[in-house]
Amino acid sequence: MAVLTEEQTMLRDMARDWAENESPVSAWRKVRDADEAMGFDAGTWATMAEMGWAGIIIPEAQGGSDFGWLSLGLVIEELGKTLTASPLAASAAAASAILLGGSEEQKAKWLPRIASGELVATLAVDEGPRHDPAGVAAKVESGKLSGTKAFVAEGDSAGLFVVAAVDGLYLVEAGAGVAVSRRHLADFRSHAEVAFNGAAADKLAGGGANENGGLLDAVLDRAAVLTAAEMLGMASAAFDTTLAYLKQRVQFGQVLATFQALQHRMANLYSEIELMRSAVEAGLAAIDGGGDTRQAASLAKGKANEVGHLMSRELIQLHGGIGMTDEYDAGFTLKRMRVLEQMWGNTAYHRDRFARLSGY
Amino acid sequence: MATLAEPATTSGIDQFRAEVREWLTANFPASLKGKDNALSAVEGPTEETPEQAAWRKAMGEKGWGVPTWPKEYGGGGLSRAEAKILAEEMARAGAWNPIGGMGVMMFGPTLLEYGNEDQKREHIPAIARGEVRWCQGYSEPNAGSDLANLQCFAEDRGDHYVVNGQKTWTSGGQWADKCFAIVRTDKTQKQGGITFLLIDMDSPGVEVKPIQMISGMSPFCETFFTDVKVPKANRVGEEGQGWTIGKRLLQHERTNLSGGGSRLMPSGPSLADVAKKYAGADAEGRVADPDLRARIAKWEMDWRAFLLTAMRVQAESKAVGGISEVSSILKTVGTKLGQERAELLIEIQGLQGLGWEGEGFSEAQLKGTRGWLFGKATTIYGGSTEIQNNVIAKRILGMLDHQ
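Residues numbered from 1 in each chain as written. Chains lettered and ligands numbered in written order. Predicted model: local features only at pLDDT ≥ 70, side-chain atom pairs only at ≥ 80, totals over all residues. Heavy atoms only, no water.

Draft legend 1. Representation of the overall build of chain A. Of regular secondary structure, chain A possesses 11 helices and 9 strands. Computed over C-alpha atoms, the radius of gyration of chain A comes to 20 Å, within 12% of the 21 Å expected from 2.2 N^0.38 for 360 residues, which places it in the range of a compact globule. In terms of principal-axis extent, the alpha carbons of chain A reach across some 75 × 50 × 40 Å. Residue pairs at least 24 apart in sequence account for 74% of intrachain contacts in chain A once pairs closer than 6 positions are excluded. Each charge class in chain A was averaged separately, 32 positive and 46 negative side chains, and the resulting centres sit 6 Å apart. (Helix = DSSP H or I, 4+ residues; strand = E, 2+ residues; numbered from the N terminus. Rg over C-alpha atoms; globule rule 2.2 N^0.38 Å. Contact = heavy atoms within 4.5 Å. Lys, Arg positive; Asp, Glu negative; His and termini not counted. Charge placed at Lys NZ, Arg CZ, Asp CG, Glu CD.)

Here you go:
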């Protein structure tokens, strides 16, 4: 755990208490069973917004608290531990696009509504099943945007889309010219296909979509690091659950935790999760630092993908048969982890990007 | 070590920096700029040039080789802030610390904590001046990872002990003047029967045999003790307290081995540069072998995450004023990554990376081969990876033994 300020410690503890008591995994199970396209509980989201979480990275002038990215990451990590479903990360990533590239007018128009939680915003970048910002083909002509975005997170509830087009990022409101179709993935969260057919689009300042280090890159870095923070929470909770299980499950007349083969696997997982934590916290700190975030973000997401993948597999394996049942919670973690692994770049994507940024 | 002077004031610090600069200009021979420390290596004997000897003597008299040790025992008596300035100024001048070895890294700090006044006065100044080399008498043929099983026995003969038994993996034993050893004084109990003794290596009955390693070097020895007389004045702490003292010394060792990452910092060209040279680069300047490129990137990312973790441990320890639990993973992760890098480096170079000696190989290539082989020891010594994993599982995760 990074060294936190008093404010950050309070925020983290508050998020932890709330998630454990008010939003345990059983709450997600209810949402899952309801099987609605939106993929989260509106009341839960409203409560989160009331606590100010939707505005953590938004300046006070626009109704936020301006607590910074590490603070937001801490909250998202705690929510990840109990698999709390909400559009918090998607909305924050979209808000960051407006913060970084928006005019005063655009900021004043959208940020207060995002900060209050009344408006769900999201990024619409990829047009295929794999993360590929260089492959964006959506176009804007005479202020009208056309193109289809695949697997838009929280697309089913979003009122505002930050859309990547070939010449930059655009703000598009849900409504006329925007057709949303549900895409039902294994994690039961919202991943909609969104077709824009001549939708009114308002351009954000900043670089074009294919420009390295431009606005799109900066926004994608933020989305990737927030996703990594959620994965960190999931991995660390999966680890704790597994450890507790090994300490009570008896086989061959012995508690499983006493077997050295399992002890060494857990020691290895523990070490890997600590490295993952360092990478994620460094990613958040790099965003707060305000400089080039590319390499830190690729490190955070790349390491999170790798360790999250490993931990979610071991979660099932070390639980044995019980881990395979829907009645047990482990499957939720596995299914969500694979979705997050694909979002904003898989392991190979970030290794490649890290290498390119390092000059090889 | 409870030794630190009061933090210097800002003006005091500026004055101190000026003083250090002046002293370095006067005492550090320019011909030694950027050269290696001849004394730090356990890999070989030391043959000091007159300049090196003069430099060691100067630093030894100043106590600046062990800057934060107490002045009364020959240390520098500097505050941490002053020690930092000294390090900065030495780096600026291209100067290196000529005082090192196990006496500085492990034994000195332990003796400062547990030794009696006579012992500190006898041994610490000699370490601070770099005049006495110490070796570590810990491991035995049947007490490596299971160190508390040691059998080397010290029999009480009134004013002295008589030591019989064998130690092994004695790093630099053939060049050492003295040995800090843990020996058994009571066969009826395991940890409680262990005592910490200081043994002169030139005592009658001490025999040292270097062990040839796979790297071709012989930095480790077998050490045999046959009726070796050790005065009781050379016992540190009480009889039976050796395990506690010995473990503290191992903490110093582990800290040095992980070194917050700094000692493991890879030197030389980057893996990617070497890969571009041997495997070629594509039109976009990428390593042409995509599998190799991906594995280099994975290694670099893991290494970065490791360094970030080491920094985090430091920051956390500072904030809470204790050792962070994360510190125990640094050795396992750091040593594993060090070995992976060495493996990648030789793989990248093909057979050119496996040169043993002689013509057709650069010095760096030959060093790479030896380093790759010698590096295999890092996951074994100082508590093997398996032992570290036991520590993590049992002490941090609370996974216990069979009931």
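Resuming the write-up.
Draft legend 2. Quick peek at the overall build of chain B. For chain B, the count of helices and strands is 11 helices and 8 strands. The C-alpha radius of gyration computed for chain B amounts to 23 Å, which stays within 12% of the reference 22 Å derived for 403 residues, consistent with globular compactness. In terms of principal-axis extent, the alpha carbons of chain B reach across some 80 × 60 × 50 Å. With 403 residues in all, chain B has 48% of them scored as buried. Residue pairs in contact within chain B that sit at least 24 positions apart in sequence constitute 68% of those at least 6 positions apart. Of the charged side chains in chain B, 46 are positive and 51 negative; the average position of the first set lies 3 Å away from that of the second. (Buried < 20%, exposed > 50% of the residue type's maximum accessible area, 1.4 Å probe, protein only.)

Draft legend 3. Quick look at the nonpolar core. Trp53(A) and Phe196(A) are the most contacted members of the largest nonpolar core, which has 145 residues in total. Beyond its immediate sequence surroundings of up to four residues, Phe196(A) is in contact with Ala124(A), Leu145(A), Ser146(A), Gly147(A), Lys149(A), Phe161(A), Val163(A), Val172(A), Gly177(A) and Val178(A). Within the second largest apolar cluster, 29 residues are counted, among which are Met106(B), Leu112(B), Ile124(B) and Ala143(B). (Core = buried A, V, L, I, M, F, W, Y, C linked by side-chain atoms within 4.5 Å.)

Draft legend 4. Here's a closer look at the packing of helix 8 (residues 260-289) of chain A against helix 8 (residues 290-320) of chain B. At a minimum axis distance of 8 Å, the contact between helix 8 of chain A and helix 8 of chain B shows a crossing angle of 85°. With respect to helix 8 of chain B, the axis of helix 8 of chain A lies roughly perpendicular. Only Ala305(B), Phe306(B), Leu308(B), Thr309(B) and Arg312(B) of helix 8 of chain B make contact with helix 8 of chain A, whose side of the interface consists of Glu274(A), Leu275(A), Arg277(A), Ser278(A), Ala279(A), Glu281(A) and Ala282(A). Among the residues making up the contact of helix 8 of chain A with helix 8 of chain B, the classes are represented as 6 nonpolar, 2 polar and 4 charged. (Axes fitted to C-alpha atoms, helices over the stretch in contact; angles between N-to-C directions. Parallel < 35°, antiparallel > 145°, perpendicular 65-115°, else oblique. Nonpolar A, V, L, I, M, F, W, Y, C, P; charged D, E, K, R; others polar.)

Draft legend 5. Seen up close, the interface of chain A and chain B. Contacts between the two partners involve 41 residues from chain A and, on the opposite side, 42 residues from chain B. Summed over both sides, the interface between chain A and chain B buries roughly 3,300 Å², with carbon and sulfur atoms accounting for 62% of that surface. Notably, a salt bridge pairs Asp352(A) with Arg293(B), separated by 2.8 Å at the nearest N-O pair. Our count for the contact surface shared by chain A and chain B stands at 14 residue pairs in polar contact (both at pLDDT 80 or more). (Buried area = accessible area lost by both parts, 1.4 Å probe. Salt bridge = Lys/Arg side-chain N within 4 Å of Asp/Glu carboxyl O. Polar contact = N/O pair within 3.5 Å; in protein donor to acceptor, adjacent residues only side chain to side chain.)

Draft legend 6. Seen up close, helix 7 (residues 215-248) of chain A. Between its terminal C-alpha atoms helix 7 of chain A stretches 50 Å, which fits the 50 Å expected from 34 residues at 1.5 Å a residue. Here helix 7 of chain A lies mainly inside the structure; 29 of its 34 residues are buried. (Expected span 1.5 Å × (residues − 1).)

Draft legend 7. Highlighting the state of the cysteines. Residues and elements named next belong to chain B. Within this structure, the stated rule accounts for 0 disulfides over all chains. Between cysteine 135, a cysteine without a disulfide, and cysteine 179, which holds the nearest cysteine sulfur, the sulfur-to-sulfur distance is 4.0 Å. With no disulfide of its own, cysteine 221 lies closest to cysteine 135 among cysteine sulfurs, the gap being 8.0 Å. (Disulfide = S-S within 2.5 Å.)

Draft legend 8. Local environment of the environment of Asn164(B). Residues and elements named next belong to chain B. Assignment of secondary structure puts asparagine 164 in strand 3 (residues 160-167). Using a relative accessible area of 31% as the deciding quantity, one classes asparagine 164 as partly exposed. Expressed as a C-alpha distance, the spacing of asparagine 164 and alanine 154, which sit 10 residues apart in the sequence, is 6.5 Å. Residues within four places of asparagine 164 in sequence aside, it is in contact with Cys152, Phe153, Phe225, Thr226 and Asp227. Polar contacts involving the side chain of asparagine 164 include one to the main-chain amide nitrogen of aspartate 227, which spans 2.8 Å.

Draft legend 9. Fine view of the pairing of strand 3 (residues 144-153) of chain A. Residue and element names in this part refer to chain A. Pairing of strand 2 (residues 139-141) with strand 3 involves 3 bridges; the strand directions are antiparallel. The partner of glutamate 141 across the bridge, within strand 3, is lysine 144. Between strand 2 and strand 3, which follow one another and run antiparallel, lie 2 residues, and serine 142 among them has a positive phi close to 50°. (Pairing = 2+ DSSP bridges.)

Draft legend 10. Fine view of the side chain of Ser171(B). Residue and element names in this part refer to chain B. With respect to the helices, strands and loops of the structure, serine 171 is situated in the loop between strand 3 and strand 4 (178-184). Overall, the relative accessible area of 13% leaves serine 171 in the buried class. The residues touching serine 171, leaving out its near neighbours within four places in the chain, are Met102, Cys135, Pro219 and Phe220.

Draft legend 11. Inspection of the pairing of strand 5 (residues 168-173) of chain A at higher detail. Residue and element names in this part refer to chain A. Most of strand 5 sits inside the fold, with 5 of its 6 residues counted as buried. Relative to strand 5, strand 4 (residues 160-165) is paired through 6 bridges, and the arrangement is antiparallel. Looking at strand 5, one finds that alanine 165 is bridged to glycine 168. Looking at chain direction, strand 5 and strand 7 (residues 191-203) are connected through 3 bridges and run antiparallel. Of the residues in strand 7, the one forming a bridge with valine 172 is alanine 201.

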